[in-house]
Amino acid sequence: MSNPRGVKLNETDITFLKSIVGEKAISTRGADLDAHASDESAHPPHRPEVVVWPQDVEQISEILRYANHRRIPVTARGGGSSLEGNPIPIFGGVVLAMYHWNKVLEIVPEDLRVRVQPGVVYQTLNEQLRPYSLFFPPAPGSAEVATIGGMVANGSSGMHSVKYGVTGDYVLRLQIVLPTGKIITVGSNAVKSASGYNLVRLFVGSEGTLGIITEITLRLRGLPEKIVAAVGRFATVRQVTNTVSEIIRYGLLPAAMELLDPVIIRTINSYLQMNLDEVPTLFLEFHGTAGGVAEETELAREICMDNGCVSFIRAEDPEERARLWKARSEAHNAVKFSNVNFRVEIGDIVVPISRYPEAVDHIYQLAQQHNVQIATFGHAGDGNLHVEILAQKGNIEERAQVDAFNAAMVRYAIQLGGTATGEHGVGIGKREFMPLEHGPSLELMRDIKRLIDPNGILNPGKIFPPLVNGEQIYQADIALPD
């Protein structure tokens, strides 16, 4: 498959790449191309033309300099756990496989700071930080495979975001290779700065369209003295969402606050051989001192009971807490692997927290109107709702219904002042909603992309929808190939 300008890698290109990284660090084998053609999303795979495993930043610099001259697309890849097709090389070209860049380079406990390569896996990082009583909080659902580089590139968050914030809140400093091959460092080791434009924030969430991240410095948090989990069971989903809204309004900040509907609970029970009550459920976790956690948990219990909670169970034992949170973290896999004959898509909308109860109600109404099967869960404490949407594979009519439902759901979230994606990124699936969400400011984003990557070689086809009405088509904006 050719890239957007019709430039296809030739033997001279492959020979040059081999001269940079060596024979063993490059592959055009079908099995390797297939392994790097997709992610965890339902978006169709697209093979790269070559996979390269660079060994150092100088090699990446040389590769990008050459690719920029030849107009060859380059897509960086981490753990491949993304859910919007973010690393799928839809125009072929080169995939830079970064998952072997997995070293923790420096831990500075006295500054609550760590410096890592982008291929370090989230869970592995926290295991290495635990002896220092430190941790990196965001807690994505794919913690066992998600890489730090991928989390930074997608602006990820997770179950702890309601209390601790998102990935971008912890990025202090980045080493980046620009499309020209130039190596730059943005940010500093200080926890705040008023020095110039915040370039760190520019690259966080840019999905590899502006530069290749090769080193990341993160600030950390101290491990809490006490952790308590709690499970509230309700008769209706609306009771759960009302509870969430009140917990936030009363000033409580649980470390995690997760909604699971009965369909999700039923699927988890079957997939993990558990026996959770198949009712609307609220998972909570509190971090802090023993006294503070006790007070917060009791206030949360009172709010739950005032909103119709039929049972509220605390879990202080680490094994029981781990069991409960495994149920939540495996929610997407449970749906995916329990419905092998279905294409499973996952929505990622966020709405203002005050509108969360009505938004969840509206999503169920939309599903009924469009005659689609859904199951819902999400980071309720920050207004993030994940909607698993199922359509039988090969059923064109069901796929059209799913597409119509997904579009209606996203437009509704934006209408409420929310966003199309809270943590999965834009990738392929959310491109069409960018003009609606961002309006004229989207053109400024295009200008930034053109300035930094004038030849459009980095992860083309992501974030931006195609230009229309006779405007010149920019390489990174060309529609997906058939």
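What you see is a predicted model, and the numbers here were worked out from it, not measured in a lab.

### Examining the overall build of the protein chain
Summing up its helical and strand segments, the protein chain has 16 helices and 18 strands in all. What you see for the protein chain is a C-alpha radius of gyration of 23 Å, in line with the 23 Å of a compact globule of 482 residues. Taken along its principal axes, the extent of the C-alpha atoms in the protein chain is 70 × 60 × 45 Å. The buried share of the protein chain, taken over its 482 residues, is 57%. At a minimum sequence separation of 6, the contacts of the protein chain that also span at least 24 residues come to 71%. Of the accessible surface of the protein chain, which amounts to about 20,000 Å², a share of 50% is contributed by carbon and sulfur atoms. Looking at charge distribution, the protein chain has the averaged site of its 44 positive side-chain charges lying 4 Å from that of its 55 negative ones.

### Points about the confidence of the model for the protein chain
Parts of the model with low pLDDT should not have their predicted coordinates read in detail. When pLDDT is averaged along the protein chain, the result is 93; 95% of the residues meet or exceed 70. Contacts for the low-pLDDT stretch residues 1-5, under 50 throughout, to residues beyond four places or in other chains number 22 contacts. Throughout residues 470-482 the model reports pLDDT below 50, and contacts reaching past four residues in sequence, or to other chains, amount to 39 contacts.

### Thoughts on the packing of helix H1 (residues 11-21) against helix H3 (residues 57-70)
Relative orientation of the contacting elements H1 and H3 amounts to 165 degrees, with a least axis distance of 9 Å. As summarised for this structure, H1 and H3 are arranged roughly antiparallel, according to the angle between their axes. With respect to the hand of their crossing, H1 and H3 are arranged in right-handed fashion. Of the residues in H3, those touching H1 at Thr12, Asp13, Phe16, Leu17, Ile20 and Val21 are Gln59, Glu62, Ile63, Tyr66 and Arg70. Its residues assigned to classes, the contact of H1 with H3 shows 6 nonpolar, 2 polar and 3 charged.

### Section: helix H9 (residues 262-272)
Here H9 has its buried residues at Ile264, Ile265, Thr267, Ile268 and Asn269. Of the surrounding elements, those touching the buried residues of H9 are strand S13 (256-260), strand S14 (281-288), helix H11 (318-329), helix H12 (331-338), strand S17 (373-379) and strand S18 (384-392). Capping the start of H9 is the job of one residue whose side-chain oxygen sits 3.1 Å from the backbone nitrogen of Val263: Asp261. Gln273 sits one or two residues past H9 and shows a positive phi near 55 degrees.

### Observations concerning the environment of Glu432
One can find Glu432 in the loop between helix H14 (396-415) and helix H15 (434-438). Along the sequence, Glu432 and Asn242 sit 190 residues apart, while their C-alpha atoms lie 32 Å from each other.

### Some words on the environment of His69
Looking at where His69 falls in the secondary structure, it is placed in helix H3. Exposure remark for His69: the relative accessible area of 63% places this residue in the exposed category. Residues His69 and Pro179 lie 110 residues apart in sequence; the distance between their C-alpha atoms is 9.6 Å.

### What about the sheet that holds S17?
Each strand in a sheet pairs with its neighbour through backbone hydrogen bonds, running either in the same direction (parallel) or in the opposite one (antiparallel). Pairing is antiparallel in the open sheet, where 7 strands are placed in the order S15-S12-S14-S13-S17-S18-S16. Among the strands making up the open sheet, the edge pair consists of strand S15 (311-315) and strand S16 (342-350). In this sheet, neighbouring strand axes are inclined to one another by 15 degrees on average, regardless of whether the strands run parallel or antiparallel. Across 5 bridges, S17 lies against S18 in antiparallel orientation. Counterpart to Phe377 in the pairing with S18 is His386.

### Here's the deal with the packing of aromatic side chains
Aromatic ring pairs are defined here through the distance separating the ring centres and the angle between the ring planes. Going through the model one piece at a time under the given rule, you end up with 6 aromatic pairs. On the basis of an interplanar angle of 15 degrees and a centroid distance of 6.4 Å, the ring pair of Tyr271 and Phe337 is categorised as stacked. Taken as a pair, Tyr271 in helix H9 and Phe337 in helix H12 lie far apart in primary sequence, 66 residues in all. Looking at Tyr271, the relative accessible area reads 31%, which means it is partly exposed. Residue classification places Phe337 among the partly exposed positions, given a relative accessible area of 45%. Ring centres of Phe283 and Trp325 lie 5.7 Å apart, and the angle between their planes is 85 degrees; on these two criteria the pair is classed as edge-to-face. In this pair, Phe283 is assigned in strand S14 and Trp325 in helix H11, connecting sequence segments 42 residues apart. Taken as a pair, Phe283 and Trp325 share a single burial class, namely buried. An aromatic cluster is present here, built from Tyr122, Phe136 and Tyr170 joined pairwise through their rings.

Each value, and the rule that gives it
Residues numbered from 1 in each chain as written. Predicted model: local features only at pLDDT ≥ 70, side-chain atom pairs only at ≥ 80, totals over all residues. Heavy atoms only, no water. Helix = DSSP H or I, 4+ residues; strand = E, 2+ residues; numbered from the N terminus. Rg over C-alpha atoms; globule rule 2.2 N^0.38 Å. Buried < 20%, exposed > 50% of the residue type's maximum accessible area, 1.4 Å probe, protein only. Contact = heavy atoms within 4.5 Å. Areas by Shrake-Rupley, 256 points an atom, 1.4 Å probe, with all protein chains shown as cover. Lys, Arg positive; Asp, Glu negative; His and termini not counted. Charge placed at Lys NZ, Arg CZ, Asp CG, Glu CD. pLDDT = per-residue confidence, 0-100. Axes fitted to C-alpha atoms, helices over the stretch in contact; angles between N-to-C directions. Parallel < 35°, antiparallel > 145°, perpendicular 65-115°, else oblique. Left-handed = near helix turned anticlockwise from the far one by under 90°. Nonpolar A, V, L, I, M, F, W, Y, C, P; charged D, E, K, R; others polar. Polar contact = N/O pair within 3.5 Å; in protein donor to acceptor, adjacent residues only side chain to side chain. Pairing = 2+ DSSP bridges. Phe/Tyr/Trp six-rings, centres within 6.5 Å; stacked < 30°, edge-to-face > 60°.

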